[in-house]
Amino acid sequence: MPLQKIILKPGVNRENTRYTNEGGYYESEKVRFRQGTPEKIGGWARISANTFMGVCRSLWNWITLASQNLLGVGTNIKFYIERQGEGIYHDITPITAVRTLTNPFTADGLSSTVAVTDGLGGYTVNSFVTFNGATAGALVVGGVTLSGEYQITSVSASGYTITVASTPSAGTSAGTVYATYQLAAGPAVVVPLSGWGASMWGFGSWGVGATSTAPLAIWNQNNFGQDLIYGPRGGALYYWNATIGVTPTAATVTSSNAGWGIDPWNSGDWGSTTTTAYCVVSSTLTLYDLTAITFQTTGILPIGLLPGTIYYTRYLTSTTFNLSTTPTGALITISGTQSGVHSISPRGVPISALAGASNTPLSQTYFLISDTSRFVICFGTNDYLSTVFDPMLIRWSDQESVTQWTPAITNQAGSIRLSHGSRIITALQSRQEILVWTDSTLYSMQYLGPPYVWGTTLLADNVSIAGPNAAALASGVTYWMGVDKFYRYDGRVQTQNCDLLRFIYNDINRDQFDQVFASTNEGFNEVWWFYCTADATQNDRYVVYNYLENVWYYGNMSRPAWLDTGLINYPLAATFDPATSTGNIVYHEYGVDDGAGDVAAAIEASITTSQFDIGDGHNFAFVWRMLPDLTFNGSTAGTTPSLTMQLLPLQNSGSGYNVPKSIGGTNSDATQIVTATQTYPIDLDTYNGQLNVRVRGRQMSMKISSNTLGTQWQMGAPRIDLRPDGRRGG
């Protein structure tokens, strides 16, 4: 018989049986389709050996006026900024409280655990606190000096515990301590709750415990010019000033009792002098008047200043300024001694603390900054002059303003309430509109101009979205994952056909829908979704839709966040190591191997066809050789790339694979390795072109796989040589 060419339909289809999908593919692992044929996906490499704490679920990339390419990294524990090319994660987690504690530390002398007394609460396990002594010796307990940042390990009604480097002797500290608390850490996974108080008032039957979930810790972030606005979902918004930078800037704190115009508000006529000891700060930063700043120190600040407290600069010179506690308040005076190195902190401050802030939102479910006239828009927030959170309210600032949220006839600040659904899930900026998802509808939000400013239109009812990061915009079309199917919006809302629908939703952890993360890989015309399989609590699988070729494929990979940005040459993704509770950022489509660790590892890639007939499928056929058709183009220089081709014969669809797969031989005889005959890059289309096998059946599947360093491949149209072999099995 002549050679039989195997030409298959692109894409993976698991909506039917393996035999019904004859002429296609049924399983895939780290393989994509290009021009109809499968190829191994690109590799990845970490940006550096440095790591960040927690699970990253938010990434944002922008460039400052100083041409610094920055990446915002939000985890469930902290918020970082990474400057491209450095690979260092700079901590800018906001401060939420500064407290004065008296004799707070207690050690039992048996372990390195120290108990801290602070009954005001507001902290959680895994949150961070920094201690500074207000008096000499206040940070000493049991012979051990506590200084710097500590992670909270447990929480009680009276305080919390931390772990120190060595075991102190039993005892209690003596003196006054300043405790500076960072924004509380949140859950790394969605935590199901049940019982009294677990759900909203009025839900569930009387006397029966209701159920709900503790929300996943997710940051929202967007740049306002060169600066960054960021905040946790359900929390306040914070402002990071690019002029201050990502690292602490050393500052000298002195006092002065004379100076030109040192306090025109409170010290008499302009130009007069004063004998009051006003605080004077000198640094290398050039800051505008009324810039909100905070201090950090390795020692003790003078009396009148506290670490982590917001102060406002009052201009003296470009790098020297006085301070006040409010934008229009009296200048601060200082006294007493000081020690250590003082710095201006790079941490963000609440937008409510910025000079001129007026009725800023108390919390938000999601926010973005519109391309049209730069409005800051909050979705799910409190209304003007109200402290009540409204999950269906959309509220925006004045045009080109972060601080002005009070509606007036002279500005464009305002709000609007959606009517369909019970809560807003997320929003996405599209071509000339903003798409807003509630838990049951999709709205279009468009700029109208004064007096209405923004208006909404209902696009579709009875639609769903899996989570706040489940939508992506690709080539002007919005795709998103719902709770039971996929959707697309290109001017009208449609169900997106998915050849993997049953495979996905029959093996998905619905409690972890909030972890679903969608993004694009524009270089390959793909939309990716990462999600948790049924038994997983972290994203462990991905599904890809190639919108140019209209095909689907999938694989296993743990990525809690992904960002495809035009400002960096490669797509970025976050990794997470459960053993250390740390993560890193990796470049994707970078090389051909797994470079997430200290040593590069081979990527296991494979694709398996559906069952197809050998010959006409009526008689048995004997296959005695395969002729591969492939290319190793893209493999690493200096390597000899290879892959494995395997024939999986069956007597019929329900018989299972033959055992052994090879007639008169073993399973391994049906598996052959294709290896380039010359080292890259001499000739990657030269390989062992004939593979001898002994396979008998009516139908078969074919599997192509690779697991060697430096290997990249693309499959073409292989051929098999066969002859009739009767009608009986055995």
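Remember, predicted model here, so these are calculated numbers, not experimental data. All chains use their own residue numbering, which begins from 1 and follows the written sequence. Local features are withheld for residues below a pLDDT of 70 in this predicted model, meaning they are given only at 70 or higher, and side-chain atom pairs are given and counted only at 80 or more; totals for whole chains, interfaces and linings count all residues. Note that the side-chain values use all heavy atoms of the structure and ignore hydrogens as well as water.

Student: How should I be thinking about the overall build of the protein in this particular structure?
Tutor: Each helix is a run of H or I in the DSSP string that is no shorter than four residues. Each strand is a run of E no shorter than two, and both are numbered from the N terminus. When its secondary structure is counted, the protein shows one helix and 63 strands. Taken along the three principal axes of its C-alpha coordinates, the protein extends 110 × 65 × 60 Å. The Shrake-Rupley method, run with a 1.4 Å probe sphere, supplies the accessible areas, and residue values consider only the shown protein chains as cover. Total accessible area on the protein stands at roughly 30100 Å², and carbon and sulfur atoms take up 50% of it. Neither His nor the chain ends is counted toward charge; the positive residues are Lys and Arg and the negative residues Asp and Glu. The atoms used to mark charge sites are NZ of Lys, CZ of Arg, CG of Asp and CD of Glu. In the protein, 38 side chains carry a positive charge and 49 a negative one; their mean positions are 9 Å apart.

Student: Is there a simple way to explain the side chain of Thr 130 in this structure?
Tutor: Looking at the secondary structure, you find Thr 130 in strand 14 (residues 128-133). When residues no more than four places from it in sequence are discounted, the contact partners of Thr 130 are Gly 148, Glu 149, Tyr 178, Ala 179, Thr 180 and Gln 182. Contacts are assigned to residue pairs with any non-hydrogen atoms lying within 4.5 Å of each other.

Student: I tried to follow the sheet that holds strand 12 (residues 105-107) on my own but got confused; where do I start?
Tutor: The antiparallel open sheet is built from eight strands, whose spatial order is 11-20-14-17-18-13-12-19. Strand pairing shows two members of the sheet lacking a second neighbour, strand 11 (95-102) and strand 19 (171-172), which therefore form its edges. In terms of strand pairing, strand 14 meets strand 17 (residues 148-155) through four bridges, oriented antiparallel. Directly across from Val 129, in strand 17, lies its bridge partner Tyr 150. At least two bridges found by DSSP between two strands are what make those strands a pair.

Student: Would you explain the nonpolar core in this entry?
Tutor: The definition of a nonpolar core used throughout is a set of buried Ala, Val, Leu, Ile, Met, Phe, Trp, Tyr and Cys residues joined through side-chain atoms within 4.5 Å. Classification of residues uses two cut-offs on accessible area relative to the type maximum, computed with a 1.4 Å probe and protein chains only: under 20% is buried, over 50% is exposed, and between them is partly exposed. Counting residues in each nonpolar core, the largest one holds 97 residues, and the members touching the most others are Met 481, Phe 486, Ile 504, Trp 529, Ile 585, Val 623 and Met 645. In contact with Val 623, not counting residues within four places along its chain, are Ile 614, Leu 647, Val 693, Arg 694, Val 695, Met 700, Ile 720, Asp 721 and Leu 722. In terms of nonpolar packing, the next biggest core, distinct from the first, is built from 22 residues, Ala 97, Leu 146, Ile 162 and Ala 179 among them.

Student: What exactly am I supposed to notice about the pairing of strand 2 (residues 25-29) here?
Tutor: Within a regular strand, the side chains alternate between the two sheet faces. Most of strand 2 sits inside the fold, with four of its five residues counted as buried. Sheet analysis places strand 2 next to strand 54 (residues 605-609), joined by four bridges and oriented antiparallel. Its bridge partner being in strand 54, Tyr 25 is matched across the sheet by Thr 609.

Student: What am I meant to see in the packing of aromatic side chains here?
Tutor: The relative placement of two aromatic rings is captured by the distance of their centres and the angle of their planes. Paired rings are identified among Phe, Tyr and Trp, the last through its six-membered ring, by centres lying within 6.5 Å, and are further divided according to the angle between planes into stacked (under 30 degrees), edge-to-face (over 60) and tilted (the rest). Enumeration according to the criterion identifies 38 aromatic pairs in this entry. For the pair Phe 295 and Tyr 311, a centre-to-centre distance of 6.1 Å together with 50° between the ring planes defines the contact as tilted. With Phe 295 in strand 29 (residues 295-297) and Tyr 311 in strand 30 (residues 311-315), the pair connects residues that are 16 residues apart, well separated along the chain. Accessibility assignment for this pair places Phe 295 and Tyr 311 in one class, buried. Centroid distance Tyr 545 to Trp 552: 4.9 Å. Interplanar angle 40°. Geometry classified as tilted. The burial state of Tyr 545 is the same as that of Trp 552; both residues are buried. The rings of Tyr 479, Phe 486, Tyr 505, Trp 529, Tyr 545, Tyr 547 and Trp 552 are connected pair by pair, giving a single aromatic cluster. A cation sits over an aromatic face here: Arg 32 above Phe 524, 3.7 Å from the ring centre. Geometry around Trp 44 places Arg 559 over its ring, the cationic atom sitting 5.1 Å from the centre. Two thresholds decide whether a charge sits over a ring: the Lys NZ or Arg CZ must be within 6 Å of the ring centre and within 35 degrees of the ring normal.

Student: Would you mind showing me how to read the sheet that holds strand 47 (residues 526-531) here?
Tutor: Working definition: the strands of a sheet are paired by backbone hydrogen bonds and lie parallel or antiparallel to each other. If you walk across this open sheet you meet the four strands as 46-47-48-49, and the pairing is antiparallel. Because the sheet does not close on itself, it has two edges, and the strands there are strand 46 (517-521) and strand 49 (551-556). Here the average twist between neighbouring strands, direction ignored, is 20°. Under this scheme, a helix contributes an axis fitted over its contacting stretch, all axes are lines through C-alpha atoms, and angles between N-to-C directions fall in the 0 to 180 degree range.

Student: What is the right way to read the pattern of salt bridges from this model?
Tutor: Where charged atoms of side chains with opposite charge meet at close range, the side chains can pair. Salt bridge, as used here: a side-chain nitrogen of Lys or Arg that lies within 4 Å of a carboxyl oxygen of Asp or Glu. Throughout the structure, instances matching the rule amount to 19 salt bridges. A salt bridge links Arg 83 to Glu 86; its shortest N-O distance comes to 2.8 Å. The partner of Arg 347 in a salt bridge is Glu 149, with the nearest N and O atoms 3.5 Å apart. Taken together, the positions of Arg 347 in the loop between strand 32 (342-344) and strand 33 (349-350) and Glu 149 in strand 17 put the pair 198 residues apart, joining distant regions of the chain. Assessed through its relative accessible area of 37%, Glu 149 is described here as partly exposed.

Student: So what exactly am I meant to see when it comes to the environment of Leu 183 here?
Tutor: Looking at the secondary structure, you find Leu 183 in the loop between strand 20 (176-182) and strand 21 (191-195). In the structure, Leu 183 is positioned 130 residues away from Thr 313 in sequence and 24 Å away in space, judged by C-alpha atoms. Sequence-distant contacts of Leu 183, that is, excluding residues within four places in its chain, are made with Ile 77, Thr 93, Pro 94, Thr 96, Ser 127, Trp 219, Pro 232 and Tyr 238.

Student: What is the right way to look at the state of the cysteines in this model?
Tutor: What makes a disulfide is a covalent bond joining the sulfur atoms belonging to two cysteines. Only a pair of cysteine sulfur atoms within 2.5 Å qualifies as a disulfide here. The final tally for this structure, using the stated rule, is zero disulfides. Unpaired in terms of disulfides, Cys 498 finds its nearest cysteine sulfur in Cys 532, a separation of 18 Å.

Student: How do you make sense of the pairing of strand 46 when you look at a structure like this?
Tutor: Across the five residues of strand 46, five count as buried, placing the element largely inside the fold. Side chains Phe 517, Ser 519 and Asn 521 project from strand 46 onto one buried face, and the interleaved Ala 518 and Thr 520 project onto a second face that is buried too. Two elements, strand 46 and strand 47, share five bridges in a ladder whose sense is antiparallel. Paired with Ala 518 across the bridge in strand 47 is Trp 529. Counting the residues in the hairpin turn of strand 46 and strand 47 gives four residues, including Asn 525, whose phi is positive at 60°.

Student: Help me out: how do you make sense of the side chain of Asp 613 in this one?
Tutor: Its place among the elements puts Asp 613 in strand 55 (residues 612-613). No salt bridge is formed by the buried Asp 613; its nearest oppositely charged neighbour, Arg 698, is found at 8.3 Å. Whenever two N or O atoms come within 3.5 Å, that pair is a polar contact, provided that in protein one can donate a hydrogen and the other can accept it, and provided that, for residues adjacent in sequence, both atoms are side-chain atoms. Within the structure, the side chain of Asp 613 is placed 3.0 Å from the side chain of Tyr 19, a separation counted as a polar contact. Once residues lying within four places of it in the same chain are set aside, the contact partners of Asp 613 are Gln 4, Tyr 19, Glu 22, Arg 698 and Gln 699.

Student: Just to check I follow, could you spell out the environment of Pro 571 for this structure?
Tutor: As for its placement among the helices and strands, Pro 571 is situated in the loop between strand 50 (561-563) and strand 51 (572-577). With 48 residues separating them along the chain, Pro 571 and Gly 523 place their C-alpha atoms 9.1 Å apart. For Pro 571, the residues in contact, after removing those within four places along its chain, are Asn 521, Trp 562, Leu 563, Asp 564, Val 586, Tyr 587, His 588 and Glu 589.

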